[in-house]
Amino acid sequence: MSKILIVGEHAEGKLNAGVGKVVAAAQGIGGDIDIVLFGDSLGEVASQAAALDGVAKVCTVERAENAKPMAAILAPQIVEIAKAGYSHVLFPGGTFGKDLAPRVSALLDVQQVSDIMAVHSASSFDRPTYAGNAIVTVEVPAEPMIVATVRLASFTAVGTGGAAAVEAKSVDASLPSHTRYVGLEAQRSDRPDLQSAPKVVSGGRALGSSENFEIIFKLADKMGAGVGASRAAVDSGYVPNDMQVGQTGKIIAPSLYVACGISGAIQHLAGIKDAGTIVAINKDEDAPIFEVADFGLVGDLFQIVPELTEKL
Amino acid sequence: MKVLVSVKRVVDYNVRIQVKSDGSGVVTDGVKHSMNPFDEIAMEEAVRLREKGVVTEIVAVTIGGQKSEETLRTALAFGADRAVHVKEEGDIQPLTAAKALAAVFKKEEGKLFLLGKQAIDDDASQTGQMVAALLDCPQATFASKVEVEGETAKVTREIDSGLETLDIDLPAVVTVDLRLNEPRYLKLPDIMKAKKKPIDAMSFADLGITPGAGLKVTKTSPPPSRSKGVMVKTVDELVEALKSKGLV
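Residues numbered from 1 in each chain as written. Chains lettered and ligands numbered in written order. Predicted model: local features only at pLDDT ≥ 70, side-chain atom pairs only at ≥ 80, totals over all residues. Heavy atoms only, no water.

- Chain B goes by Electron transfer flavoprotein subunit beta in an unreviewed UniProt entry, where it is assigned to Banduia mediterranea.

- If you check an unreviewed UniProt entry, chain A appears there as FAD-binding protein from Banduia mediterranea.
- Its UniProt record gives chain A a comment under Sequence similarities (unreviewed entry), which states: "Belongs to the ETF alpha-subunit/FixB family." (UniProt positions renumbered as here; feature names shortened; annotations may be inferred.)

See below:
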């Protein structure tokens, strides 16, 4: 039977919501599910993890070096714990897991599975490639261990009616001093974060200038939406790089996506095809964006976008 | 200071991927290939570090078949001084690639290893982190700012909660994100000059690498397709449609 270790992500006394989704993926694999947490003061987080349905045990590893999650510090400790009979080590698929899981895999000398989106068995999973344009089913060697990250958008978090045991653990691993934490600049913006926003409004090259992008911001603010842009708009210098939505930009899955003046290049579509509802506004009725849009409106965005802003 | 940059030949980001009807993979024959866009950013950063006087030599590395040489020539046109081609055909998984890259880095006695944060074909986002683990050195992934000062580097990383800064000792591995820079356009004279720069060829055997058992792809399928939507005539109609779906 599988014995699954989930590495829990947390910050400022709060367990990351993704952990409940990883537990859901682990339930698909089946077996005992333990969560391990690293930090310097874990009381609060440990009880949140223990409440997740289906979790057998929560292990806490408290030491000063674990105050901030740095891959070089955590990986050797995870390896020590994983070697105590675990068949799977799972990580949430955000930047925390993406940074950490491969370091653990390499130390364990196993090939890793990135972004599990479906579980077929304890050793067979689906994962996306080519920015989600091809889904591959992979069979993973079960020995000595399977290390994977879980694509959070593909699973629904388990409930929080559980009461798992919490156990403090000490890990005997020598830790490097070559990596030092300097600080975190939390992104402060009144607008919701592009990658987690339930609604996103994006603008393309048709906006023509960075001043004209203002109408996109206004619509987004009216809707409480995040703001994105096509690569063409970014390349033209209308908006900064970090707003780029697409295969080489951010891959997003909001429930509502409004594309304004975006033709729908393959690169862009790769970034939005998991959106719940796609709205396209474009004056070219043959634009490829209309092939994927749930609602399409042909016309001049400089008239339509302000009108839409007003009528919402 | 010597910098290594790994570059991967991938299907161009503007190509519409076709999954083969028998589910055996995606069509890559006769399809435009380019340097992985994130690796271009890594190359650009290496060149900028040299322009700042921090870096003295840039070595581009690739793993792949004969055609990967084109990608190395692109790297040389960007400004790499020379290149290493680990000539291996077939599907090379991240841990195997990482072992080869770590071996090249050691052999070259590099100080900094720059890699794209992921390749846009397998989207694994593993190789850089694995190289760092194998070298037992620091890693800074998803970098949007790299400042090298003597034997250390300050790297700002784009993480889910914001911008995190790490201070790392060199040698170190840094994987780069979109915001780090904008790669320059290659000029014809540089492309011509690149043809004369040296490429060292070697194999896994030369590096002492034995590819182990890895992930086996048993099926490749297209993602579920979106159903055809409806065209609306007016903004009122659009607002109505969105309201009826409870989206606004």
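Now that the structure has been shown, we can carry on.
Concerning the interface of chain A and chain B
Quoted interface sizes are often the accessible area lost when the parts come together.
Then step 1. Chain A puts 79 residues into the contact, and the matching count from chain B is 81 residues.
Then step 2. Between chain A and chain B the total buried area reaches about 7,100 Å² when both faces are included, carbon and sulfur atoms providing 55% of it.
Then step 3. It is Q111, Y130 and F295 of chain A that lose the most area in chain A upon contact with chain B, and together they represent 11% of the buried surface on that side.
Then step 4. Along the contact surface separating chain A from chain B lie 7 salt bridges.
Then step 5. Close ionic contact of R180 of chain A with D169 of chain B constitutes a salt bridge, the shortest N to O distance being 2.6 Å.
Then step 6. Between chain A and chain B we count 43 residue pairs in polar contact (both at pLDDT 80 or more) in total. (Contact = heavy atoms within 4.5 Å. Buried area = accessible area lost by both parts, 1.4 Å probe. Salt bridge = Lys/Arg side-chain N within 4 Å of Asp/Glu carboxyl O. Polar contact = N/O pair within 3.5 Å; in protein donor to acceptor, adjacent residues only side chain to side chain.)

Quick notes on the confidence of the model for chain B
Detail in the predicted coordinates should be disregarded across regions flagged by low pLDDT.
Then step 1. Mean pLDDT over chain B works out to 96, with 100% of the residues at or above the 70 mark.
Then step 2. Reported confidences for the modelled complex are a pTM of 0.95 and an ipTM of 0.96. (pLDDT = per-residue confidence, 0-100.)

Quick word on empty space enclosed by the protein
Then step 1. Within this structure, the stated rule accounts for 2 cavities of 30 Å³ or more.
Then step 2. In this structure, the largest cavity spans a volume of roughly 40 Å³.
Then step 3. Class assignment for the residues of the lining of the largest cavity results in 7 nonpolar, 2 polar and 1 charged.
Then step 4. Taken as a whole, the second largest cavity holds about 40 Å³ of empty space.
Then step 5. Lining the second largest cavity are K98, P102, Q112, S114, D115 and T149 of chain A together with D123, A124, S125 and Q126 of chain B.
Then step 6. Elements with a minimum of two residues in the lining of the second largest cavity: α4 (95–108) and β7 (113–116) of chain A. (1 Å grid on protein atoms, 1.4 Å probe; cavity = no way out; pocket = protein on both sides within 12 Å on 5 of 7 lines; lining within 4 Å. Points joined across faces, edges and corners; volume = space filled by probe spheres on them. Nonpolar A, V, L, I, M, F, W, Y, C, P; charged D, E, K, R; others polar. Helix = DSSP H or I, 4+ residues; strand = E, 2+ residues; numbered from the N terminus.)

Some points on the sheet that holds strand β9 (residues 162–169) of chain B
Then step 1. Here we have 10 strands laid out as an open sheet, ordered β13(A)-β9(B)-β8(B)-β7(B)-β10(B)-β6(B)-β1(B)-β4(B)-β5(B)-β11(B), and mixed in their pairing. Edge positions in the sheet fall to β13 (179–186) of chain A together with β11 (199–202) of chain B, since each has one partner strand and no second. Geometrically, the sheet is characterised by an average inter-axis angle of 25 degrees between neighbouring strands, direction not taken into account.
Then step 2. Sheet analysis places strand β6 (residues 112–116) of chain B next to strand β10 (residues 172–176) of chain B, joined by 5 bridges and oriented parallel. Directly across from L112 of chain B, in β10 of chain B, lies its bridge partner A172 of chain B.
Then step 3. Of the strands in this sheet, β1 (2–6), β4 (57–64), β6, β7 (139–149) and β10 of chain B touch helix α1 (residues 37–51) of chain B, which is tilted by about 145 degrees from β6 of chain B. (Pairing = 2+ DSSP bridges. Axes fitted to C-alpha atoms, helices over the stretch in contact; angles between N-to-C directions.)

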